[in-house]
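Structure at a glance
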Protein chains: 2
Amino acid sequence: MQDKITRLFKAIADPTRRDIFHALVIATSALSITQISNQFEMTRQGITKHIKTLEEAGLVYIKSEGRERFCNANPKELQEVNKWLKFYEQFWDDKLGSLGDYLNNKV
Amino acid sequence: MQDKITRLFKAIADPTRRDIFHALVIATSALSITQISNQFEMTRQGITKHIKTLEEAGLVYIKSEGRERFCNANPKELQEVNKWLKFYEQFWDDKLGSLGDYLNNKV
DNA sequence: TTAATACGCAACTTTTTGGTTGCATAAATA
DNA sequence: TATTTATGCAACCAAAAAGTTGCGTATTAA
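Residues numbered from 1 in each chain as written. Chains lettered and ligands numbered in written order. Predicted model: local features only at pLDDT ≥ 70, side-chain atom pairs only at ≥ 80, totals over all residues. Heavy atoms only, no water.

Right, let's talk about the packing of aromatic side chains for a bit. Where two aromatic rings form a pair, the distance of their centres and the angle of their planes describe that pair. Here the structure, examined in full by the defined rule, presents ten aromatic pairs over all chains. Between Phe9(A) and Trp84(A) the ring centres are 5.1 Å apart and the planes differ by 75 degrees, which places this aromatic pair in the edge-to-face class. With Phe9(A) in helix H1 (residues 4-13) and Trp84(A) in helix H5 (residues 79-89), this pair connects stretches of sequence that are 75 residues apart. Owing to a relative accessible area of 15%, Trp84(A) belongs among the buried residues under this scheme. With a centroid separation of 4.9 Å and 85 degrees between ring planes, the pair formed by Phe87(B) and Tyr88(B) is classed as edge-to-face. Given the relative accessible area of 22%, Phe87(B) is considered partly exposed. (Phe/Tyr/Trp six-rings, centres within 6.5 Å; stacked < 30°, edge-to-face > 60°. Helix = DSSP H or I, 4+ residues; strand = E, 2+ residues; numbered from the N terminus. Buried < 20%, exposed > 50% of the residue type's maximum accessible area, 1.4 Å probe, protein only.)

Relative orientation of the contacting elements H5(A) and helix H2 (residues 15-26) of chain B amounts to 25 degrees, with a least axis distance of 11 Å. The angle between H5(A) and H2(B) falls in the class roughly parallel. On H2(B), the residues touching Trp84(A), Phe87(A) and Tyr88(A) of H5(A) are Arg18(B), Phe21(B), His22(B), Val25(B) and Ile26(B). Partitioned by chemical class, the residues of the contact of H5(A) with H2(B) number six nonpolar, one polar and one charged. (Axes fitted to C-alpha atoms, helices over the stretch in contact; angles between N-to-C directions. Parallel < 35°, antiparallel > 145°, perpendicular 65-115°, else oblique. Contact = heavy atoms within 4.5 Å. Nonpolar A, V, L, I, M, F, W, Y, C, P; charged D, E, K, R; others polar.)

Let us look at the sheet that holds strand S2 (residues 60-65) of chain B. All names here are of chain B. Across the sheet, which stays open at both edges, the three strands sit in the order S1-S3-S2 with antiparallel pairing between neighbours. With one partner strand each, in any of the chains shown, strand S1 (31-32) and S2 form the two edges of the open sheet. With six bridges joining them, S2 and strand S3 (residues 68-73) adopt antiparallel strand pairing. In the sheet register, Tyr61 faces S3, and the bridge partner there is Asn72. Strands in contact with H2 are S1, S2 and S3; relative to S3, the strand with the most contacts, it is inclined by about 90 degrees. (Pairing = 2+ DSSP bridges.)

Moving on to the interface of chain B and chain A. Contacts between chain B and chain A engage 33 residues on the former and 32 residues on the latter. Both faces combined, the contact of chain B with chain A buries some 3200 Å², and carbon together with sulfur accounts for 68% of it. Across the chain B-chain A interface, the total number found is two salt bridges. Between Arg18(B) and Asp3(A) there is a salt bridge whose closest N-O contact spans 3.9 Å. Linking chain B to chain A there are four residue pairs in polar contact (both at pLDDT 80 or more). Contributions of two or more residues to the side of chain B that touches chain A are made by helix H1 (4-12), H2, S3, helix H5 (79-89) and helix H6 (95-106) of chain B. Classifying every residue of the side of chain B that touches chain A by side-chain character gives 22 nonpolar, six polar and five charged. (Buried area = accessible area lost by both parts, 1.4 Å probe. Salt bridge = Lys/Arg side-chain N within 4 Å of Asp/Glu carboxyl O. Polar contact = N/O pair within 3.5 Å; in protein donor to acceptor, adjacent residues only side chain to side chain.)

Residues and elements named next belong to chain A. Using the criterion set out here, one finds ten salt bridges over all chains in the structure. Across the pair Lys63 and Glu65 runs a salt bridge, and its minimum N-O distance is 4.0 Å. You can call Lys63 partly exposed: its relative accessible area is 44%. The partly exposed category is assigned to Glu65, whose relative accessible area is 45%.

Structure, rendered in structure tokens:
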């Protein structure tokens, strides 16, 4: 498909997936597919697709128990986004000054 | 179309757009559409589309001079992504402990 | 003034994405 | 055992995204 960071960015680029992820993060226990689906006005199959995308991005992991599949959020994966951001953080305030620092570090 | 943060996430979810943005950030001066296009194996019109997406996300702004359009990066806009991340940062290390803090602050 | 350059816009194609319905199956319950 | 429940998978559909070609136009250079 595509590289890891792109998968991650695409996963969080969808509002529904951000909502699902958020629900899982603040949940006090793992939620089954059906439990998640009940919180959204969308078919279970639609939700399943989104969860698969989140899983492939590493943002969600799943533990099967009997006929149920319990989903957990893995917020740690967002550290990758943070890493990506870090580089640009130096350019937030004064672009030219920070660019100088960046170039100096490169030498 | 869609909300601001979704536009922003979608803009950076595309590898080519991240590359364009990166090129603009590290450029020592504003780059024209043609100058940017020359750095990519894609038609100028294709690049123009991507730049428009970046512009609508607030990541790039454009200054017209004669027949040329000079593009600048606006990395500051990424602070919005950073804000979004901040909330989840508390869940990175120990999920349950941080959740407790979150819930307590909510009361 | 003529020619080249830098660009926007519109139309079109292909691929991806977001969502659906329908059906099969394994596990739990009556 | 019969039935309900939880789910996956495949097929399908519509809309959005990614990219192209072609053309018109304004600005600059010869």
